[in-house]
Amino acid sequence: MEKRFVVFLGLSLGILVGYSMLSRMFFPAPPVVEKKTDVAANDEVVDPVDAAKEQAPGESDAPVPDEPTGESATEQPDAEAASPTNPQAPAVIEQRWESFGSYAPGSGHTLLVTFNSRGAAIERVELTTRNAKGNLKYRNLEDKSGYLGNLALTARRELGCKVNVVGDGTPAALSGLLRGDVLLAVDGISIDEPGELQQVLATKKPGESVSLQIERPGTTPPAELTLTAKLDVRPLELIRPEPLQGEEVIPHPLSFLLSLIEKSGVRTVPIETPRNINWSVETLADGVIEFRLTLENSSDPLELVKRFRLGKQQDLVAVGETLAADAPPAYHVDMELELHNGSETPRRLAYSLGGPTGLPLEGWWYSAKIHPKMFYGAGARDVLIHTDAERRLVGCPELYKLAKKTPDEKEITLFADDEKVPNRTLKYLGVDTQYFTAALMPSAEGDKVFHRAEAFALGDVSKQPKGYTRTTDVTFKLDSSPIALEGNGDFKQSFRLFLGPKDPDVLEGYELGDVIYYGWFGAISKVLKSILHFFYGIVGNFGIAIILLTVVVRGCMFPISRKAAKNAAMMQELAPEMRKLTEKYKGDMEKRAKAQQDLFRKHNYNPFGGCWLMFLQLPIFLGLYRCIAVDIELRQAALIPGLEWCSNLAGPDMFLYWKSFMPSMFVSETGMLGPYLNVLPLITVSLFLVHQKLFTPPATDEQSAMQLKMMKYMTLFMGFMFFKVASGLCLYFIASSLWGIAERKLVPKPKVNLTGVSSGGGKDLPTPKKLPPAGSNGVEEKKAARKKRNKGR
């Protein structure tokens, strides 16, 4: 027995160590990169020849990368300026940034969007929704440094960095900082590169004040001023420029870039790429920003227009209907594309629209995102598509592995007109994370049937560090069907961009409800979620609501669990008899098993009576697990308001950051334990062990003793496996374990004797009929009884 136990213990430890080593080998944590929150896409010169290499929609190339984003951003002339070698290039247009929306608590805005005139792209989207108390509803859970606001800084040849945008309501705007100012220093620390600002802010906390030394143009010499900004809480950035990783040198493209091709017979010719050119910008009324670009090719000018409008709640109701008072907020931007043929010659064109990039990696090391298909893996960022034919999720691991294996053919076709697809009518196409989604939806007025859609990983994955299987940046591109543009003709296409949380009430207004995937037991998850939110509406605390939900679940299962508890108590009482049988039939397993069956039958004991509770609890447990894993309301819910510990019930409680002094094999993001010491899993495992100690029947032989030891160590092993589970789920385990212990303590002990057994409720069970001896079929006894009766006559 001891040898088997040692082997079992060695195998368990081997699994733990092997899991940690394999995780570190194949899924190492992404390296810590300097956050470039205030870094703008620079104006670095792009070779027109390289820009023209962008292939047509439908061909198997990744989009042409955008210009570098980083600390080397400097003020330079536009790449496509007219020159002797490029006579047809448009006139020089200065690169500009614009922001729409607001960070201010009372503005009513849910988004703060930053646009970049280079490619008429969306560069950054910050979620600025406020709760009833005026606090950010979706703050950045990983970067808790002070927030000044996105300034789209570009380095100057002289000292300081130019401020290119100041978002409304941000601490920078409230301090009096203006677009065009030159930021010289923050708290006396010089700012000569955009990344240096974030280095200073990383040492500050929300609520602290910083002094901004600036130079304001407009006077000779420019005036030098000192402003004071009070830092605030950093909002979640749903879209941002993706930081370069490892040995990457080419930056990832920005979001929703446009490419064009000319359809000439069977050939497709790329048009001068509009994604690397500065578009002219104009801010219109009613929250509309318009980008324009004219591409001239000899005598055939082509004008492109992209318009963006921040969405309103009224957009989500039918014309003439009244907006409900409790209507969820709007999280969309309407985008309109327009092509105008400036010549008399008809043209046949097509466009390719890129998807969102740089979505957040929040909680990737503990999140429980699952793929709808059993043997496929989901990542921190996945591509999701829904057409009239199918709903499909393409996982980040799948895209990463394909890009690693075949870098030149890294696209996965979602649909194409040359394939046997029943219907290519698009409902939505997006990039999905655990709690947020950025989705592209064709408007009702525009075309919904497209030529092709592809998903792919961005960047050069061969130059990224190992282990980016679940975290690499992914996106998509959507190619239009051929467009017949008559002389002086126009073409328009509208889209709605959903950029927001995976809140069921919010998603309902956009017909995106199926973005949330609950798993196999989705119906149970939804019921439990409804009960959980009902209790939250009463008590106002999700931690208490989870405990009340546990009481309801265990209360509904009380009849079954009580029977299981009585069954377990009966087994404890029968343990002495079991030991006697073991000693009596030590060398005969068959007779011992027969005698045990007779003993169980004599006292009305069913050894499998406790299994029903386990089978019934499994779907409830899995349903609750998925309910807590996908419920965005738990993402920022604190167990104890005002306390940093356990301030996110959708993630681990994170009591202590121990990565700096513990072995990295176990405490890295991909290690078994994670970078934080979590208290609630330790309490959970302790209660499991107490439950086993109090109520597990004593061993009757060496084999059962071995099983008891294995159960104890398996409980510890499970504690390692579930060390990073959501703290909300740990609360359920703790409350359920305490309920089980109390329930077992309250069940009266049955009294076992040779003639009957107490049921535990004060009534004795009827004395069972005398059973024939073990191994006998009862025939001889019946014959003897018959002879005795005949003799009496």
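Residues numbered from 1 in each chain as written. Predicted model: local features only at pLDDT ≥ 70, side-chain atom pairs only at ≥ 80, totals over all residues. Heavy atoms only, no water.

1. Notes on the overall build of the protein
Counting its secondary structure elements, the protein contains 16 helices and 28 strands. Here the analysis covers contacts within the protein between residues at least 6 apart in sequence; of these, 70% occur between residues at least 24 apart. Carbon and sulfur atoms form 58% of the exposed surface of the protein, whose accessible area is close to 37,100 Å². (Helix = DSSP H or I, 4+ residues; strand = E, 2+ residues; numbered from the N terminus. Contact = heavy atoms within 4.5 Å. Areas by Shrake-Rupley, 256 points an atom, 1.4 Å probe, with all protein chains shown as cover.)

2. A short note on the confidence of the model for the protein
Overall, the predicted model of the protein reaches an average pLDDT of 80, with 78% of residues at or above 70. Ignoring residues within four places in sequence, the model shows residues 24–89, a span with pLDDT below 50, making 199 contacts including any to other chains. A low-confidence stretch, residues 754–777 (pLDDT under 50), is modelled with 32 contacts involving residues beyond four sequence positions or located in other chains. (pLDDT = per-residue confidence, 0-100.)

3. With respect to the pairing of strand S21 (residues 426–432)
Among the seven residues in S21, six count as buried, and that is most of the element. Where S21 and strand S22 (residues 436–442) come together, four bridges link them in antiparallel fashion. Residue pairing in the sheet places Gly430 in a bridge with Ala439 of S22. (Buried < 20%, exposed > 50% of the residue type's maximum accessible area, 1.4 Å probe, protein only. Pairing = 2+ DSSP bridges.)

4. Brief notes about the packing of aromatic side chains
Considering all chains together, one arrives at 19 aromatic pairs under this definition. Ring geometry for Trp365 and Tyr366: centres 4.9 Å apart, planes at 85°, overall edge-to-face. Accessibility assignment for this pair places Trp365 and Tyr366 in one class, buried. Ring centres 3.9 Å apart and planes at 5° place the aromatic pair Tyr536 and Phe542 in the stacked group. Overall, the relative accessible area of 32% leaves Tyr536 in the partly exposed class. Pairwise contacts between aromatic rings join Phe621, Tyr625, Phe688, Tyr732 and Phe733 into one cluster. (Phe/Tyr/Trp six-rings, centres within 6.5 Å; stacked < 30°, edge-to-face > 60°.)

5. Some details on the sheet that holds strand S10 (residues 237–239)
Across the sheet, which stays open at both edges, the four strands sit in the order S1-S2-S3-S10 with antiparallel pairing between neighbours. With partners counted over all chains shown, the strands left at the sheet margins are strand S1 (97–101) and S10, one partner each. Strand-to-strand twist of the sheet, defined as the mean angle between neighbouring strand axes without regard to direction, takes the value 20°. As paired elements, strand S3 (residues 121–127) and S10 share two bridges and run antiparallel to each other. Bridge assignment links Glu126 to a residue of S10, and that residue is Glu237. (Axes fitted to C-alpha atoms, helices over the stretch in contact; angles between N-to-C directions.)

6. Looking at a negative patch on the surface
On the surface, Asp326, Asp505, Glu508 and Glu511 cluster together into a patch of negative charge. Inspection of the secondary structure puts Glu508 in helix H6 (residues 504–508). (Patch = residues over 30% accessible without salt bridge, like charges linked within 9 Å, V, L, I, M, F, W, Y side chains within 5 Å. Salt bridge = Lys/Arg side-chain N within 4 Å of Asp/Glu carboxyl O. Lys, Arg positive; Asp, Glu negative; His and termini not counted. Charge placed at Lys NZ, Arg CZ, Asp CG, Glu CD.)

7. Some points on the packing of helix H8 (residues 542–556) against helix H15 (residues 727–746)
Interhelical geometry of H8 versus H15 gives an angle of 45° and a closest axis separation of 9 Å. When the axis of H8 is compared with that of H15, the two are oblique. Taken as a pair, H8 and H15 cross one another with a handedness that is right-handed. Here H8 contributes Gly543, Ile546, Ile547, Thr550, Val551, Val553, Arg554 and Gly555 to the contact with H15, which in turn contributes Gly728, Leu731, Tyr732, Ala735, Ser736, Trp739, Gly740 and Glu743. Across the contact of H8 with H15, the residue classes break down as eight nonpolar, six polar and two charged. (Parallel < 35°, antiparallel > 145°, perpendicular 65-115°, else oblique. Left-handed = near helix turned anticlockwise from the far one by under 90°. Nonpolar A, V, L, I, M, F, W, Y, C, P; charged D, E, K, R; others polar.)

8. Regarding the sheet that holds strand S15 (residues 302–310)
Sheet architecture is open: nine strands sit in the order S13-S14-S15-S16-S26-S22-S21-S18-S19, paired in antiparallel fashion. Edge positions in the open sheet fall to strand S13 (280–284) and strand S19 (391–394), since each of these has one partner strand only. Put simply, the sheet's adjacent strands are angled 20° from each other on average, direction ignored. Summarising the sheet, S13 and strand S14 (residues 288–295) pair through five bridges and their orientation is antiparallel. By the bridge assignment for S14, Thr283 is matched with Ile289.

9. Re the pattern of salt bridges
Enumeration according to the criterion identifies 31 salt bridges in this entry. In this structure, Arg124 and Glu237 form a salt bridge, with 2.9 Å as the shortest nitrogen-oxygen distance. Here Glu237 lies in strand S10 and Arg124 lies in strand S3, a separation of 113 residues in the sequence. We note a salt bridge from Glu262 to Arg347, for which the minimum N-O separation is 2.8 Å. Highlighted residues: Glu262 in strand S11 (residues 258–264) and Arg347 in strand S17 (residues 347–354), separated in sequence by 85 residues. For Arg347, a relative accessible area of 9% gives the class buried.

10. Some remarks on unusual backbone geometry
Note: most residues except glycine have negative phi, and most peptide bonds are trans. Positive phi outside glycine occurs at Cys646, with the angle close to 55°. Structurally, the position occupied by Cys646 is in the loop between helix H11 (611–630) and strand S27 (656–657).

11. Here's the deal with helix H5 (residues 396–405)
Residues of H5 that are buried: Cys396, Pro397, Leu399, Tyr400 and Ala403. Looking straight down H5, one finds that the buried residues subtend no more than 165° of arc, so they occupy a single side. Those residues of H5 that are exposed and angled more than 90 degrees off the buried face are Lys401 and Lys405. Looking at the buried residues of H5, the elements they touch are strand S18 (382–387), S19, strand S20 (412–416), strand S23 (452–457) and strand S24 (474–479). (Arc of directions from axis to C-beta.)

12. Digging into the pairing of S15
Most of S15 sits out of view: eight of its nine residues are buried. Where S14 meets S15, eight bridges bridge the pair, whose relative direction is antiparallel. Looking at the pairing, Leu293 lines up with Leu304 of S15.

13. Looking at H8
Taking 1.5 Å per residue, 15 residues should reach 21 Å; H8 reaches 21 Å between its end C-alpha atoms and fits that length. All of the buried residues along H8 are Phe542, Gly543, Ala545, Ile546, Leu549, Thr550, Val553 and Arg554. (Expected span 1.5 Å × (residues − 1).)

14. A word on the environment of Pro442
Tracing the sequence through the fold places Pro442 in strand S22. As a C-alpha pair, Pro442 and Tyr428 span 14 residues in sequence and 7.2 Å in three-dimensional space. Here Pro442 is in contact with Leu426, Lys427, Asp447, Lys448, Phe450, Ser494 and Phe495, once residues within four sequence places are set aside.

15. Regarding a nonpolar patch on the surface
Taken together, Phe534, Ile538, Val539 and Ile544 make up a surface patch of nonpolar side chains, about 380 Å² in accessible area. Take the nonpolar patch: its biggest share by element is three residues, from helix H7 (residues 522–539). The exposure class of Ile544 is partly exposed, given its relative accessible area of 41%.

16. Some remarks on the side chain of Arg381
Take Arg381: it is sitting in the loop between S17 and S18. A polar contact of 2.6 Å, which involves the side chain of Arg381, links it to the backbone oxygen of Leu359. (Polar contact = N/O pair within 3.5 Å; in protein donor to acceptor, adjacent residues only side chain to side chain.)

17. Some remarks on the environment of Leu399
Along the chain, Leu399 falls in helix H5. Judged by relative accessible area, which is 0%, Leu399 ranks as buried. When the C-alpha atoms of Leu399 and Glu411 are compared, they prove to be 7.6 Å apart, with twelve residues separating the residues in sequence. Contacts of Leu399, omitting those with residues within four sequence positions, involve Val383, Val394, Ile412, Ala455, Phe456, Ala457 and Val474.

18. Description of the packing of H8 against helix H9 (residues 558–584)
The description of two packed helices rests on the angle between their axes and on the distance between the axes. The interhelical angle for the contact between H8 and H9, taken along N-to-C directions, is 70°, at an axis separation of 5 Å. By the criterion of interaxial angle, the relationship of H8 to H9 is roughly perpendicular. Along its contact with H8, which presents Arg554, Gly555 and Cys556, the element H9 presents Phe558, Pro559 and Ser561. Across the contact of H8 with H9, the residue classes break down as three nonpolar, two polar and one charged.

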